[in-house]
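Listed here are the chains, written in short residue letters.
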Amino acid sequence: MVAATTTTLKVGVLALQGAFIEHIHMLNNLAEVSEAIPVRTIEQLNSVDALIIPGGESTAMALIAERCQLLEPLRAFVKEKPTWGTCAGMIMLANEASSAKKGGQQLIGGMGIRVNRNQFGTQKDSFGIGLHMPEIVGEEPFHAVFIRAPVITDILSDDVKVLARLEKQVGETKAETIVAVRQNNLFATAFHPELTRDDRLHKFFVNMAIECYNNKQ
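None of the values given here were measured: they were computed from a predicted structure.

**Student:** Lay out the overall build of the protein chain in plain terms, naming residues and giving numbers.
**Tutor:** What the protein chain contains, in helices and strands, is seven helices and twelve strands. Within the span of the protein chain, comprising 217 residues, buried residues form 49% of the whole. A separation of at least 24 residues holds for 68% of the contacts in the protein chain among residues at least 6 apart in sequence.

**Student:** Describe unusual backbone geometry, with residues and values.
**Tutor:** Backbone geometry places Cys87, a non-glycine residue, at a positive phi of 55°. Within the fold, Cys87 resides in the loop between strand S4 (83-86) and helix H5 (88-93). Even without glycine at this site, Asn184 takes up a positive phi of about 55°. Structurally, the position occupied by Asn184 is in the loop between strand S11 (173-183) and strand S12 (186-189).

**Student:** Please provide a residue-by-residue account of the confidence of the model for the protein chain, values included.
**Tutor:** Across the protein chain, pLDDT averages 89, with 88% of residues at or above 70. Confidence, expressed as mean pLDDT per element, reaches its minimum in the protein chain at strand S10 (residues 161-170) with 80 and its maximum at strand S3 (residues 50-53) with 98.

**Student:** So what's going on with the pattern of salt bridges? Which residues, and what values?
**Tutor:** Applying the stated criterion across every chain yields a total of seven salt bridges. Salt-bridge contacts for Glu96 lead to Arg114; the nearest nitrogen and oxygen are separated by 2.8 Å. With Glu96 in strand S5 (residues 94-98) and Arg114 in strand S6 (residues 111-116), this residue pair connects regions lying 18 residues apart in the sequence. Counted as one network, the salt bridges with shared partners bring together Glu96, Arg114 and Asp154.

**Student:** Just give me the short version of the UniProt feature "active site" (unreviewed entry) in the protein chain, but keep the residues and values in it.
**Tutor:** In the UniProt entry, the feature "active site" (unreviewed entry) is given for Cys87, His192 and Glu194. Maximum C-alpha separation among the annotated residues is 10.9 Å over a sequence range of 108 residues, consistent with a single clustered spot. Residues from the named set that contribute to the lining of the largest pocket are Cys87, His192 and Glu194. The topology assignment puts His192 in the loop between S12 and helix H7 (200-216). Its relative accessible area of 6% is what places His192 among the buried residues. Setting aside its immediate chain neighbours within four residues, His192 contacts Gly55, Cys87, Val145 and Ile147. Relative to the helices and strands, Glu194 is located in the loop between S12 and H7. Beyond its immediate stretch of four places on either side in the chain, Glu194 contacts Ala19, Glu22, His23, Met26, Thr86 and His202. Among the polar contacts made by the side chain of Glu194, one reaches the side chain of His23 at a distance of 3.3 Å.

**Student:** Could you give an account of the layout of surface pockets, with specific residues and numbers?
**Tutor:** When its volume is computed, the largest pocket comes out at roughly 210 Å³. What lines the largest pocket is a set of 17 residues, among which Gly56, Glu57, Cys87, Ile147 and Arg148 lie closest to the centre. Across the lining of the largest pocket, the residue classes break down as seven nonpolar, six polar and four charged.

**Student:** Now, about the environment of Asn214: what can you tell me, with residues and values included?
**Tutor:** Within the fold, Asn214 resides in helix H7. Separated by 208 residues in sequence, Asn214 and Thr6 place their C-alpha atoms 6.1 Å apart.

**Student:** If you had to explain helix H4 (residues 71-80) to someone new, which residues and values would you point to?
**Tutor:** Turning to H4, its buried residues are Leu71, Leu74, Arg75, Phe77 and Val78. On an axial view of H4, the arc spanned by its buried residues comes to 160°, and they lie on one face. Facing away from the buried side of H4, by more than 90 degrees, are the exposed residues Glu72 and Lys79.

**Student:** I'd like to hear about the pairing of strand S1 (residues 9-14), residue by residue, with values.
**Tutor:** In terms of residue burial, S1 counts as a mostly covered element, since five of its six residues are buried. Bridge analysis of S1 against strand S2 (residues 33-39) gives six bridges, and the strand direction is parallel. By the bridge assignment, Val13 is partnered in S2 with Pro38. Between the parallel pair S1 and S2, the chain is carried across by helix H1 (residues 21-27), and the sense of this crossover is right-handed. Of the pairings in the sheet, the one linking S1 to S3 comprises three bridges and is parallel in character.

Each value, and the rule that gives it
Residues numbered from 1 in each chain as written. Predicted model: local features only at pLDDT ≥ 70, side-chain atom pairs only at ≥ 80, totals over all residues. Heavy atoms only, no water. Helix = DSSP H or I, 4+ residues; strand = E, 2+ residues; numbered from the N terminus. Buried < 20%, exposed > 50% of the residue type's maximum accessible area, 1.4 Å probe, protein only. Contact = heavy atoms within 4.5 Å. pLDDT = per-residue confidence, 0-100. Salt bridge = Lys/Arg side-chain N within 4 Å of Asp/Glu carboxyl O. UniProt positions renumbered as here; feature names shortened; annotations may be inferred. 1 Å grid on protein atoms, 1.4 Å probe; cavity = no way out; pocket = protein on both sides within 12 Å on 5 of 7 lines; lining within 4 Å. Polar contact = N/O pair within 3.5 Å; in protein donor to acceptor, adjacent residues only side chain to side chain. Points joined across faces, edges and corners; volume = space filled by probe spheres on them. Nonpolar A, V, L, I, M, F, W, Y, C, P; charged D, E, K, R; others polar. Arc of directions from axis to C-beta. Pairing = 2+ DSSP bridges. Right-handed = clockwise from strand over helix to strand, strands pointing away.

What follows is the structure, encoded as structure tokens:
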């Protein structure tokens, strides 16, 4: 007997700190999402099919997760289930992070990437720019909002696929930095898609998650 394919998912957004409510609003408008909930407890984490780790302050997020005894359950979750990290969430999913605060910080890990925190400076250095990501959102550029954003400085695994690069002028040369990647069931972006009205990246993640589940059946 062939197992029925999954067409909708319950998606959680880690709600310990940061911009989680905007993700929930976006997810609730997608037909592929049966329910979107904030995740603050192990029970809530265990109830969802996929998870978004939002932007915010990665050090604070890690400290709260540790205090709530969520760090180890999150590490187990990302090994198996679809997870998307945005901005600080991307830092949390990285296996290595530089420019951390004194004493370092805990990471969830799981992605074979090294990131540099706050690559583009302080809050006042925030900016928006059209990113070309034809593989995941089509030909029309996605307006990406960068706020104290990290970038990926090194790819540490052959399983990591680069999905978007940001071209910036550095002196007389143009330099490219990696700002979106996928590794199997994990997806990470350095910017804040929830701060736009464009739901293409949320659709991509949910469809990616559905594909992950259906490939397991």
